[in-house]
Amino acid sequence: MKFLPSILSVLAALTFSSAAADKPNIILVFIDDMGWEDFSCFGNKDVETENIDRLAAEGLRFESFYVNSPICSPSRVAVSTGQFPARWGITSYLAHRELNDERGMAQWLDPEAPMLARFLKEDGYATGHFGKWHMGGQRDVDDAPFITEYGFDESLTNFEGMGPRVLAWCYTPDESIPPRKHFGDAENLPGATTWIDRSKVTEAFVTAAIPFIKKAQKDEKPFYINLWPDDVHGPCYPPLDRWGDGSLRAKYLGVLKTMDEQLGVLFDVIRDDEALRENTIILMCSDNGPAQGAGSAGLFRGYKTHLYEGGIRSPLVVWGPGFVPDEKAGTVNTESVFSAVDLVASVLEFVGVELPEGVELDGEALAETMLGKSTASRQAPLFFRRPPDRNAFYGVDELPDLSMISGKWKFLAEFDGSDPELYDLEVDKSETNNLAAGNPELVERLTKELLAWNRSMPQDKGATYREPKKKKGKGK
């Protein structure tokens, strides 16, 4: 019976492979610097995002979804870990070492952080990251962990991550202006580099993701993919025939339209394969609000870097014909309030993966809501801290330091609780009528909750750091 252990091993492997193959595939599309209103299915009248709109028409739209920071790096930490990004010392965009230190921030995300990708990989998933990373490895930070150290089998990134990358040549319609390299110094970071046209960076990520999907199918493994475009973040360099009048808005719309077409190639691969179509969920949102003059947050106040709704409310599209009830296809959920940290807990609940002992998330499991089978909202408040270097930005001289959402109430204040702002989001989504003066007891309670949460988090230097005036309105 010497052959018995090997037979048992084979049978166990086959059983695991079969069980893993039945798991749903997950694709997270995390767009960069896009406003709440920028998909045409959310109200954009200037350009049609027809491929994304088709997903929405076959799936779900959520209008009260939030990301957990108004700026890129911490927002990406939240959607990767299911925890508030302040827990990991990343509260603004990661830059060079000196600036990270000046703002009291980590140099990169601790690889020991709980990672959705790692949890899924340990459950038998093939895991790939294709796109912007920006959680470590940029500028002169050349000793950060590689993306594959966070639970990914394969990666392709841009100038803000460690590992294989694509870097961009930026072209203009004026042939007298030579093309320029965007963040050319990133060529010195570890990992193979390929130079391509800036307008084709998203295409490169899609092109890398498709064979990864095909290989996972061949290996009978479910897959989890981050497809994180560097679009529609500036500098905006659309194809030369989409520059319009050359204004920031025109170029932005050209980039948005092109990105939609490039993502559509991946969407068609999934939709045209019956096995993939019936067993794949696509989640799509933005990492934060729009840059001023580029995208649009619609009726919402503020932009990226702001704790007002325009900086943190994101459009969310969920597609999955095999999982979303037929009668819910094409519907809009206006009432369920949840966020990116909740997506992590919800995906884990959906695929049936339990957290390791001792790991706790800030997110709540709302898989039924995510799939249109419930309208439940997150029960605990959402808390936010502004980037330490963004006390003033986009013409606002003094931005609130902290904010929270509790039920219908949006509350903002300074680090010491002063200058309270209170808005009823059910009737005042644009945050125009500050009700703080007329609700002293509510303000007192929310102030205590908000300040207690902030004290419970590792501190950055936002209370003392002040960006020089000459830099206001600039930066990442």
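Reading the values: the criteria
- Each chain carries its own residue numbering, running from 1 in the written order of its sequence.
- Where totals are concerned, whole chains, interfaces and linings use all residues; where local detail is concerned, this predicted model gives features only for residues with pLDDT of at least 70, and gives and counts side-chain atom pairs only at 80 or more.
- Excluded from the side-chain calculation are hydrogens and water; included are all heavy atoms of the structure.
- Pairs of strands are assigned from DSSP output, requiring at least two bridges between the strands.
- Helix and strand definitions here come from DSSP, where helices need a minimum of 4 consecutive H or I residues and strands a minimum of 2 consecutive E residues; each element is numbered from the N-terminal end.
- Here the axes come from fitting lines to C-alpha atoms, over the contacting stretch only for helices, and the angles between their N-to-C directions go from 0 to 180 degrees.
- Expected span of a helix, by definition, is 1.5 Å for each gap between consecutive residues, and there is one gap fewer than residues.
- Each residue gets one of three labels from its accessible area relative to the maximum for its type: buried under 20%, exposed over 50%, partly exposed in between, using a 1.4 Å probe on protein chains only.
- In what follows, roughly perpendicular refers to angles from 65 to 115 degrees, roughly parallel to angles under 35, roughly antiparallel to angles over 145, and oblique to any angle outside these ranges.
- Left-handed describes a crossing whose near helix is turned anticlockwise from the far helix by less than a right angle; the clockwise case is right-handed.
- Note on contacts: a residue pair is in contact if any heavy atoms of the two residues lie within 4.5 Å.
- Side-chain classes are defined by residue name, with Ala, Val, Leu, Ile, Met, Phe, Trp, Tyr, Cys and Pro counting as nonpolar, Asp, Glu, Lys and Arg as charged, and the others, Gly among them, as polar.
- Summary of the metric used: pLDDT quantifies the predictor's per-residue confidence within the range 0 to 100.
- Salt bridges are counted wherever a side-chain nitrogen of Lys or Arg sits within 4 Å of a carboxyl oxygen of Asp or Glu.

(A) Region of the structure containing the sheet that holds strand β5 (residues 165–170). Spatially, the 3 strands line up as an open sheet ordered β6-β5-β7, and their pairing is mixed. The open sheet is flanked by β6 (180–182) and β7 (193–197), the only strands paired with a single partner. Geometrically, the sheet is characterised by an average inter-axis angle of 35° between neighbouring strands, direction not taken into account. Two strands pair when backbone bridges link them, and β5 and β7 are joined in this way by 5 bridges, in the parallel orientation. Directly across from Leu 167, in β7, lies its bridge partner Trp 195.

(B) Structural view of helix α6 (residues 201–218). For α6, spanning 18 residues, the distance from its first C-alpha to its last is 27 Å, which sits close to the expected 26 Å at 1.5 Å a residue. Among the residues of α6, those classed as buried are Val 201, Thr 202, Ala 204, Phe 205, Val 206, Ala 208, Ala 209, Ile 210, Phe 212, Ile 213 and Ala 216. A positive backbone phi angle near 55° is found at Glu 220, which sits one or two residues after α6.

(C) Representation of the packing of helix α3 (residues 72–81) against helix α10 (residues 340–351) within the structure. Contact geometry for α3 and α10: axes closest at 6 Å, N-to-C directions at 20°. Taken together, α3 and α10 sit at an angle that is classed as roughly parallel. Relative to α10, the crossing made by α3 is right-handed. Only Ala 340, Val 341 and Val 344 of α10 make contact with α3, whose side of the interface consists of Ala 78, Val 79, Ser 80 and Thr 81. Of the residues assigned to the contact of α3 with α10, the class counts are 5 nonpolar, 2 polar and no charged.

(D) Local environment of the confidence of the model for the chain. Chain-level pLDDT for the chain is 93 on average; 93% of the residues reach the 70-or-more range. When the criterion is pLDDT under 50, residues 1–19 qualifies, and its contacts beyond four places in sequence or with other chains add up to 4 contacts. Every residue in residues 469–476 is under pLDDT 50, and counting partners more than four places away or in other chains gives 20 contacts.

(E) Representation of the pattern of salt bridges. Applying the stated rule across the entire model yields 33 salt bridges. The closest approach of N and O atoms between Lys 410 and Glu 309, which form a salt bridge, is 2.8 Å. Here the residue Lys 410 occupies a position in strand β15 (residues 409–413), and Glu 309 occupies one in helix α9 (residues 309–312), the gap between them amounting to 101 residues. For the residue pair Lys 410 and Glu 309, the accessibility class agrees, reading buried in each case. Glu 449 is paired through a salt bridge with Arg 445; the nearest N and O atoms lie 2.8 Å apart. Here Glu 449 pairs with Arg 445, and both are found in helix α12 (residues 440–456), just 4 residues apart, close to one helical turn.

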